[in-house]
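Chain and residue survey
One-letter residues, chain by chain:
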Amino acid sequence: MTDSKYFTTTKKGEIFELKAELNSDKKEKKKEAVKKVIASMTVGKDVSALFPDVVNCMQTDNLELKKLVYLYLMNYAKSQPDMAIMAVNTFVKDCEDPNPLIRALAVRTMGCIRVDKITEYLCEPLRKCLKDEDPYVRKTAAVCVAKLHDINAQLVEDQGFLDTLKDLISDSNPMVVANAVAALSEIAESHPNSNLMDLNPQTINKLLTALNECTEWGQIFILDCLANYTPRDDRESQSICERVTPRLSHANSAVVLSAVKVLMKFMEMLPKDLDYYGTLLKKLAPPLVTLLSAEPELQYVALRNINLIVQRRPEILKHEMKVFFVKYNDPIYVKLEKLDIMIRLASQANIAQVLAELKEYATEVDVDFVRKAVRAIGRCAIKVEQSAERCVSTLLDLIQTKVNYVVQEAIVVIKDIFRKYPNKYESVIATLCENLDSLDEPEARAAMIWIVGEYAERIDNADELLESFLEGFHDESTQVQLQLLTAIVKLFLKKPTETQELVQQVLSLATQDSDNPDLRDRGYIYWRLLSTDPVAAKEVVLAEKPLISEETDLIEPTLLEELICHIGTLASVYHKPPSAFVEGSRGVQHKRLPGSTESGESESPDTASAAAVSDAPPAVIPSQGDLLGDLLNLDLTPPTTAGPPPPASSGMQMGAMDLLGGGLDSLMGDESEPPPIPLRMDTPQSPQLPHQSPSPPDYSPTELGGDLGGSPAIGAGFGAPPAAMPASFSAPVSGGLDDLFDLGGGVGMPMGAYSAPKTVWLPALKAKGLEISGTFARRSGVIQMEMTLTNKAMSVMTDFAIQFNRNSFGLAPAGPLQVLTPLSPNQSIEVTLPLNTVGPVMKMEPLNNLQVAVKNNIDVFYFSCQYPISMLFVEDGKMERQVFLATWKDIPNDSEAQFQIKDCHLSSDAASNKLQGSNIFTIAKRTVDGQDMLYQSMKLTNGIWVLTEMRVQAGNPVYTVSLKCRAAEVSQWVFQSYEAVLKN
């Protein structure tokens with residue numbers, strides 16, 4: 001008779017009757033009663049009132065009854081913690097039972113009762129069971145430690161259970177080892193920073209020994225643990241691989257995937273020219289192929305893992321293409337995954353086979369699968385160049401089927417083929433145009449429009465085709481509208497006389513009749529490009545485009561490395577790192593393959609802490625961002641003739657003007673609070689195209705002042721000057737340099753600061769006739785940009801303005817560019833622009849690079865130049881002698897750089913005077929063995945101090961300069977300034 005009878009009773013006084021039966025003297029009746037209680041509990045009835053009666057039944061030798069009571073206890077201990085304590089004595093007693101099954105049952109149940117009050121009573125029984133003579137009890141106790149750690153981690157650590165657990169890794173029984181590994185791994189996951197799994201070659205050897213004898217799930221625990229180990233060298237890596245390889249032939253697919261994970265990780269350390277490496281690649285293929293003969297769900301998991309493996313090492317399965325051919329009865333999710341892997345494995349050797357399959361798939365009935373198959377043909381064409389022609393003819397055959405969704409997918413794919421192989425397969429355009437009317441999906445319509453616009457010069461009726469799309473412009477999706485706008489502008493630039501009305505119509509629809517900000521913005525950009533400079537418009541819109549890459553859907557390399565380390569887990573099925581979908585307080589460790597450390601993705605704690613220490617004193621300049629974007633955000637507003645310019649010390653830099661605007665009027669007013677930024681540009685009232693004698697465009701005066709304000713404190717980022725001297729500095733100093741502070745004579749009067757001759761920064765050819773040459777100088781403590789503006793055009797130039805992009809030292813104009821009279825043709829004018837260093841800071845490459853925008857009545861022009869770092873040396877850069885000595889010692893030796901200046905014939909005093917003119921101050925001088933040693937300091941505008949020692953020997957034209965600076969990237973530029981000043 002079955003146990004279903006226990007679920008059928010519906011008596012009214014059930015609890016009372018059960019209570020009586022539980023207290024019966026007959027063992028059979030007692031057992032029946034407990035079974036009824038468990039049945040009631042299973043269907044959701046509350047039988048907690050029977051707790052004391054059920055607990056009394058624990059005192060029995062009957063194993064079946066004991067198991068039932070323990071089951072009840074686990075369920076109700078949480079709601080009845082005080083009653084559960086009654087059972088503690090029985091647990092303790094059962095842990096000493098002669099029957100190992102009862103001992104194990106007691107310790108397992110203890111671990112499942114998640115009640116704080118009880119846990120402390122369980123420590124002694126658990127300690128005994130961890131050292132039990134029976135391996136079954138030990139393996140159960142090992143898992144219990146992990147459960148107890150989850151309830152009360154501190155208690156487990158205080159009681160020394162973790163050390164006992166580590167000892168169990170050396171146990172003689174493989175199942176005990178496996179459970180100990182599983183428990184330690186579980187605990188380590190919840191404490192990622194604790195070094196619980198202290199893996200070393202001896203431990204690894206024990207685990208590998210146990211691997212052959214334990215159960216399949218034990219093997220998985222051990223293999224997952226091995227995957228976290230990093231071998232010392234390729235020999236150890238090979239040895240582990242050899243011992244793990246037999247697991248590949250295991251019947252359990254989870255064991256196979258865990259073994260693959262270990263081998264994929266350790267292969268990273270094997271040299272590719274090693275014979276064993278090739279052997280291992282061959283051994284990995286059969287087990288992966290075997291996984292594909294399982295049921296569909298397992299196939300899908302296997303395929304998702306194979307997808308990762310193929311991206312990392314396609315050579316493993318390069319000869320196994322046929323396995324991934326789709327079967328008629330495969331579920332759609334398996335079909336799509338197989339298709340993806342087929343494309344990844346496609347190569348010149350097997351492409352004919354692959355294309356024949358894909359063409360077959362394109363005639364299937366499943367629409368999603370057919371679409372993916374057509375896309376796959378296009379991906380093959382892009383990936384294997386030799387197959388492109390065959391792929392295109394296959395796609396044309398599919399278009400001839402006139403099946404709507406096939407035609408649309410084929411057109412999308414052919415667009416990508418055109419982008420990969422321009423001017424090669426354009427003969428098919430006529431066939432594509434025949435199917436224009438059947439296109440109803442946005443992506444296909446956008447692709448067709450792109451093809452028509454891109455090859456407009458080859459299509460006689462391109463204007464009619466695009467006009468047909470324009471009729472329902474507002475009903476189209478954004479994707480199609482944007483593509484149509486660009487295509488018509490391309491068409492206009494290629495055939496201006498025939499399509500003038502068409503381009504005006506689309507610009508009007510995009511800017512005046514549309515609410516979509518993307519469409520409006522693109523419309524305005526094209527409108528202004530066309531109305532100001534059609535040549536520039538042609539260069540921008542019809543520029544040569546880069547070819548598309550063959551694999552656009554590859555997983556990003558660092559993520560792929562992490563996913564390879566998680567093969568056989570959910571992460572490898574989702575293709576997402578565990579941190580993306582695992583919730584809760586447990587820290588998720590990011591794993592990396594062993595060979596990837598040199599690429600900088602992971603570093604050892606030692607190097608990480610060392611980097612932190614070395615970076616600590618100064619904060620480094622922000623890294624360089626999107627410079628073009630910054631220059632396009634430059635902010636100029638229209639000029640006015642009234643009112644004096646505001647003082648240079650104003651909170652907003654005078655150079656921060658809108659170069660893309662029409663004037664500079666905002667510069668004349670109070671700039672303490674910049675006006676808000678208009679959200680959209682004014683609509684041009686009467687747009688005119690180039691051949692209609694255009695009037696100048698009407699720019700809206702936008703003011704982005706707030707965006708360009710710079711904090712004077714920003715310079716502190718490179719390390720502040722030692723204004724308040726540390727206590728250690730003021731202490732009596734003794735050492736090898738002490739006497740130099742008493743020998744500092746011979747420093748004479750400085751000469752004038754060195755200024756380099758002017759060079760051409762902006763040639764006339766690049767600036768519509770405006771030529772700018774210039775240099776930088778520092779005069780009376782003010783940095784100046786000295787420029788010569790020459791007009792080599794035929795028209796007068798007026799309304800000059802200037803602005804700088806963000807740069808390494810915050811250089812910005814301290815006032816407007818003063819060109820007071822119009823610049824006539826063939827006239828030159830000298831202009832001096834004072835600069836300050838309170839602009840926005842961003843680290844440039846090279847460090848002294850300055851990007852400049854200059855505006856006049858004709859256009860905005862961009863150029864870049866390099867300023868000598870000596871312009872930034874301030875007048876108060878002479879350091880106190882004691883401070884110099886202490887600072888020199890304080891800066892680590894690895895921050896010291898040494899350079900040589902050749903062909904220099906000055907005496908040490910003459911060199912010192914010359915350098916002092918550029919604010920490089922000699923603090924002391926001493927002579928050792930006929931060699932003069934000058935100790936010098938300088939300070940940059942942002943508070944960086946540079947200390948140098950220069951060695952000069954009479955009659956030797958080579959000087960040696962040693963520089964020390966907390967911001968080491970400055971050193972080479974300081975040396976260049978030394979060389980420039982001394983040699984000129």
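Look a little higher up for the structure.
Here the structure is a predicted model, which means the values were calculated and not measured. (Residues numbered from 1 in each chain as written. Predicted model: local features only at pLDDT ≥ 70, side-chain atom pairs only at ≥ 80, totals over all residues. Heavy atoms only, no water.)

Let's talk about helix α40 (residues 971–983)
For clarity, the cut-off: Numbering goes from the N terminus for both helices and strands, where a helix is a DSSP run of H or I of at least four residues and a strand is a run of E of at least two. Multiplying 1.5 Å by the helix residue count minus one yields the expected span of that helix. In this scheme, a residue with accessible area under 20% of its type's maximum is buried, one over 50% is exposed, and one in between is partly exposed, where area comes from a 1.4 Å probe on protein chains only. Two residues qualify as a contact provided that any one of their heavy atoms is within 4.5 Å of a heavy atom in the partner residue.
With 13 residues, α40 should reach 18 Å at 1.5 Å per residue; the first-to-last C-alpha distance of 18 Å fits that figure. Looking only at α40, the buried set comprises S971, W973, V974, F975, S977, Y978, V981 and L982. On its buried face, α40 is in contact with β9 (896–901), α39 (908–916), β11 (931–939), β12 (945–953) and β13 (959–965).

Structural notes on the pattern of salt bridges
Applied cut-off: What makes a salt bridge here is a side-chain nitrogen of Lys or Arg within 4 Å of a carboxyl oxygen of Asp or Glu, nothing more.
Throughout the structure, instances matching the rule amount to 37 salt bridges. R371 is the partner of E409 in a salt bridge, and the nearest nitrogen-oxygen pair spans 2.8 Å. Of this pair, E409 sits in helix α24 (residues 404–420) while R371 sits in helix α22 (residues 367–383), and the two are 38 residues apart along the sequence. Taking relative accessible area as the criterion, E409 reaches 6% and is therefore assigned buried. Among the ionic pairs, R419 bridges to D416, the shortest N-O distance being 3.3 Å. Here the residue R419 and the residue D416 both occupy positions in helix α24, the gap between them amounting to 3 residues, near one helical turn. Residue class for R419 comes out partly exposed when judged on its relative accessible area of 35%. Residue classification places D416 among the partly exposed positions, given a relative accessible area of 23%.

Some thoughts on the packing of helix α14 (residues 201–211) against helix α15 (residues 216–226)
Spelled out, the test is: Only the stretch in contact is used when fitting a helix axis, every axis being a line fitted to C-alpha atoms; angles between N-to-C directions are given from 0 to 180 degrees. Angles below 35 degrees are treated as roughly parallel, those above 145 as roughly antiparallel, those between 65 and 115 as roughly perpendicular, and all remaining angles as oblique. For any pair of crossing helices, the crossing counts as left-handed if the nearer helix is rotated counterclockwise from the farther one by less than a right angle, and right-handed if it is rotated clockwise. As a working rule, the residues Ala, Val, Leu, Ile, Met, Phe, Trp, Tyr, Cys and Pro are called nonpolar, Asp, Glu, Lys and Arg charged, and the rest polar, with Gly in that last group.
It is the contact of α14 with α15, at a shortest axis distance of 10 Å, that shows an interaxial angle of 150°. With respect to α15, the axis of α14 lies roughly antiparallel. Relative to α15, the crossing made by α14 is left-handed. Touching I204, L207, L208, A210 and L211 of α14 are Q219, I222, L223, C225 and L226, all from α15. Residue classes in the contact of α14 with α15 are distributed as 9 nonpolar, 1 polar and no charged.

Some thoughts on the nonpolar core
The test is simple: Here, nonpolar core refers to any group of buried Ala, Val, Leu, Ile, Met, Phe, Trp, Tyr and Cys residues whose side-chain atoms link them within 4.5 Å.
If you look at the biggest cluster of nonpolar residues, it comprises 210 residues, and the most contacted ones within it are Y72 and F418. Among the nonpolar cores identified, the runner-up in size contains 62 residues, and L762, A793, Y959 and A967 belong to it.

Quick notes on the sheet that holds strand β6 (residues 828–836)
Operational definition: Strand pairing is defined by DSSP finding a minimum of two bridges between the two strands.
Spatial ordering of the open sheet is given by β1-β2-β3-β6-β5, a layout of 5 strands whose pairing is antiparallel. With one partner strand each, in any of the chains shown, β1 (759–762) and β5 (812–813) form the two edges of the open sheet. Note: β1 against strand β2 (residues 770–779), 3 bridges, orientation antiparallel. Residue pairing in the sheet places V760 in a bridge with S773 of β2.

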